[in-house]
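Structure at a glance
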Amino acid sequence: MASGNYPDDAPVHGETYQLLRDDSVEGQSILKAEPTPLPKGQLAALCIVRLVDPIAYTQLSPYVNQFMSDLHLTDDPSRIGFYSGLLGSSFAVCQLISIYQWARVADVVGRRPVILVCILGLVTATLMFGLSKSLTAVLAARCIGGLFSGNHAVIHSVLGDITDSTNQAIAFPIYGITWPVGSIIGSVPWLLYPQVFDYEFWRDSPYFLPCLITASIGTCAVLLGYAFLEESLPSKRKQKYNKFLSPASDTGSTQDIYPPPGSEPETPTGMRQLLALPIMSVLSVSGFALSFLATSFDALFVLFCYTPVQSGGLAFSVSQIGYSLAGAGVFAAAIQIFVVPYLLRTFDCAKMFHFCMGLWGCAFGALPILNAIARGGLNEETGQLGAFTTGMVWTGIGIVLAFSNTASLGYLLSMILIKENAPTPSSLGQSNGIVQFSMCLSGSFAPFLVSSLFAASIKINFLGGHLWVFTMVFVVYLSTTFAAKVSHYNKKTTPSTHSPTYQEDESILLQDIS
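Here the structure is a predicted model, which is why all the values come from computation and not from measurement. Every residue gets a number counted from 1 within its own chain, in the order that chain's sequence is written. Reporting of local features is limited, given that this is a predicted model, to residues whose pLDDT is at least 70; pairs of side-chain atoms are given and counted only at 80 or more, and all residues count toward the totals for whole chains, interfaces and linings. The side-chain quantities take in all heavy atoms of the structure and omit both hydrogens and water.

**Structural notes on the pattern of salt bridges**
Side chains bearing opposite charge may pair, as long as their charged atoms lie close to each other. Salt bridges are defined as contacts in which a side-chain nitrogen from Lys or Arg sits within 4 Å of a carboxyl oxygen from Asp or Glu. Overall, the coordinates contain 4 salt bridges when judged by the stated rule. Between Arg50 and Asp53 there is a salt bridge, with its nearest N and O atoms 3.7 Å apart. Placement of the pair is Arg50 and Asp53 together in helix H2 (residues 40-58), with a separation of 3 residues, close to one helical turn. Between Lys133 and Asp204 there is a salt bridge, with its nearest N and O atoms 3.9 Å apart. Taken together, the residues Lys133 in the loop between helix H5 (111-130) and helix H6 (135-147) and Asp204 in helix H10 (residues 200-204) connect sequence positions 71 residues apart. The class for Asp204 is exposed, based on a relative accessible area of 54%. Overlapping salt bridges, with partners in common, bring together Asp107, Arg111 and Asp161 in one network. Only DSSP runs of H or I covering at least 4 residues are called helices, and only runs of E covering at least 2 are called strands; the numbering of each starts at the N terminus. Burial classes: relative accessible area under 20% of the type maximum marks a residue as buried, over 50% as exposed, and values in between as partly exposed (1.4 Å probe, protein chains only).

**Considerations on unusual backbone geometry**
Positive phi values are uncommon outside glycine, yet His72 reaches one of about 55°. Residue classification places His72 among the exposed residues on the basis of a relative accessible area of 68%. One non-glycine residue, Asn461, lies in positive phi territory at about 55°. In this fold, Asn461 is placed in the loop between helix H19 (428-460) and helix H20 (467-483).

**Looking at the state of the cysteines**
Pairs of cysteine sulfur atoms within 2.5 Å are identified as disulfides in what follows. Applying the stated criterion across every chain, the model contains 0 disulfides. No disulfide involves Cys143; its sulfur sits 3.6 Å from that of Cys94, the nearest cysteine. Given a relative accessible area of 24%, Cys143 falls into the partly exposed group.

**Observations concerning the side chain of Thr126**
Tracing the chain through its elements places Thr126 in helix H5. Think of a polar contact as two N or O atoms within 3.5 Å of one another; within protein, one of them needs to be a possible hydrogen donor and the other a possible acceptor, and neighboring residues in sequence only count if both atoms come from side chains. Only 2.8 Å separates the side chain of Thr126 from the backbone oxygen of Leu122, close enough to count as a polar contact. By the convention used here, residues are in contact when the closest approach between their heavy atoms is within 4.5 Å. Here Thr126 is in contact with Ala56, Gln59, Cys211 and Thr214, once residues within four sequence places are set aside.

**Looking at the environment of Leu116**
Turning to its location among the elements, Leu116 is positioned in helix H5. Residue Leu116 is classed as buried on the basis of its relative accessible area, which comes to 9%. Leu116 sits 109 residues away from Gly225 along the chain, and the two C-alpha atoms are 7.2 Å apart. Setting aside residues no more than four positions away along its own chain, Leu116 makes contact with Val222, Gly225 and Tyr226.

**Side note on the environment of Ile97**
Relative to the helices and strands, Ile97 resides in helix H4 (residues 80-109). Sequence separation between Ile97 and Leu441 is 344 residues; the distance between their C-alpha atoms is 8.9 Å.

**Describing the packing of helix H14 (residues 318-338) against helix H17 (residues 387-407)**
The geometry of H14 relative to H17 is characterised by a closest axis approach of 9 Å and an angle of 50° between their N-to-C directions. As the angle between them shows, H14 and H17 are arranged oblique. Note on packing geometry: the crossing formed by H14 with H17 is right-handed. Packed against H14, whose contacting residues are Gln320, Ser324, Ala328, Phe331, Ala332 and Ile335, the element H17 presents Trp394, Ile397, Leu401, Ala402, Asn405 and Thr406 at the interface. Under this grouping Gly is polar, as are all residues other than the nonpolar Ala, Val, Leu, Ile, Met, Phe, Trp, Tyr, Cys and Pro and the charged Asp, Glu, Lys and Arg. A breakdown of the residues in the contact of H14 with H17 according to their chemical character gives 8 nonpolar, 4 polar and no charged. Only the stretch in contact is used when a helix axis is fitted, and all axes are lines through C-alpha atoms; the angle between N-to-C directions ranges over 0 to 180 degrees. By definition in this entry, angles of less than 35 degrees are roughly parallel, angles greater than 145 are roughly antiparallel, angles of 65 to 115 are roughly perpendicular, and the rest are oblique. Working rule for handedness: look at the near helix, and if it is turned counterclockwise from the far one by less than a right angle, call the crossing left-handed; if clockwise, right-handed.

**Quick word on the nonpolar core**
As a rule of thumb, soluble globular proteins bury nonpolar side chains together. In plain words, nonpolar cores are sets of buried Ala, Val, Leu, Ile, Met, Phe, Trp, Tyr and Cys residues tied together by side-chain atoms within 4.5 Å. Of all hydrophobic cores here, the largest spans 94 residues; its most connected members are Phe297, Leu314, Leu344, Trp360 and Ile397. The leading source of residues in this core is helix H13 (residues 278-306), at 17 residues. With near-sequence residues (within four places) excluded, Ile397 lies in contact with Phe301, Cys305, Leu314, Phe316, Ser324 and Leu370. Counting residues in hydrophobic clusters, the runner-up holds 15 residues, among them Phe67, Ala141, Cys211 and Val318.

**Some details on the packing of aromatic side chains**
Stacked, tilted and edge-to-face are the three classes assigned to paired rings of Phe, Tyr and Trp, where Trp is represented by its six-membered ring and a pair needs centres within 6.5 Å; plane angles under 30 degrees give stacked, over 60 edge-to-face, the rest tilted. Scanning the entire structure with this criterion turns up 17 aromatic pairs. Pairwise contacts between aromatic rings join Tyr63, Phe67, Phe129 and Tyr207 into one cluster. Should the NZ of a Lys or the CZ of an Arg lie within 6 Å of a ring centre and within 35 degrees of the ring normal, that charge is described as sitting over the ring. A cation over an aromatic ring shows up here: Arg142 above the ring of Phe129, its NZ or CZ 5.8 Å from the ring centre.

Rendered as structure tokens:
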């Protein structure tokens, strides 16, 4: 039966490689014997296009509260957080609307065109934001940016397409570095202003410089992505198989066919079918909780640093907030490079995801301690902190950001868990889209909700103005409790043996053939 496809000297099943999935321990040891070579070129191209989003997100964080103040929207400083939270929520709502639709389109037309179009849209929205002079213009720019920022799931799917379980311990941390590196780059333009660009145009549009630099980086990413990023959708890319998979022509050349060999491309699984899987439902709800906590912390941290010490904050300047965010990016990049590969090789992803969820409680709980330290060392006459107190505060900032950046590894772990539990390669895009949709759903109201909660806590002075702390710690408790269910349904931690995915079979087969 196989004689029509294989030459007489072709090795039979089980001698060199396996064409069929073997659920036995011996079969798994054969599959895991040789790691798949890392697709370095494609991974580099993917990281370049991924950099745009964290840069665009982080570059406005240091100055967004000052921007709202300069628009003279309110005379009450405590209300500034309301408007900055409104910006964050409007962005997230539009991202929520578009993210699953982009994932569906990418599963049909391909990942590459969707990624490039979305980056171009984000570049346009960033330039609009920097030139805005009213709340209406600012909101419009953020909404457009949100609509074109729904490509997270598509980019994550590309990473899943080009890797498998044998090389993801290296590939995913490298990909994860893009967010902290982007956050560092996003903080730099504002720190250079206005000492370097002190001209009339920049004084009239003081927030256009970081937006222009971000847009320039985005444009370069589009050009590089167009030149080097290849299509990774299984139904669109062609794979070369030698004579072991297809009959050779008279000239001995190998026929190019679409995978899987000998069959039509798989039809992507629908949303209902995916959500019917317990693991996908659990990952979606856990992703909702993770995004709510992470987005809430990002909004609260900047607002907390900007708020006067007497009102429960740290009274940081824009440049100090930028330095703290840049430092957080350095720390995050360091753990991605030196720690995460070891963790992925050593510990179960589902259990690490549960641990990271619990760390958010430490991040939120430590913030009021910093305010207490600042209050204790505040000079009432000058309104400045003493040298010792300043050192203590910055040490505390480092500890808090270490907690938050370690907890944010949950995003990376969620990507791996989605890839491991996607039912088919063709459904990976929609699987990512569903979880990213859940994340964007919580991110759509988290900034507005926590900013309003922070302002209300200070105004009514309930629990010493720290009502927001107790509320967020309680949310962390609920989220951590639910995240424990991921281990229960995850393929690699359930009693049933995990079968290798099509990508693993394909990559190992090609490696043996070559």
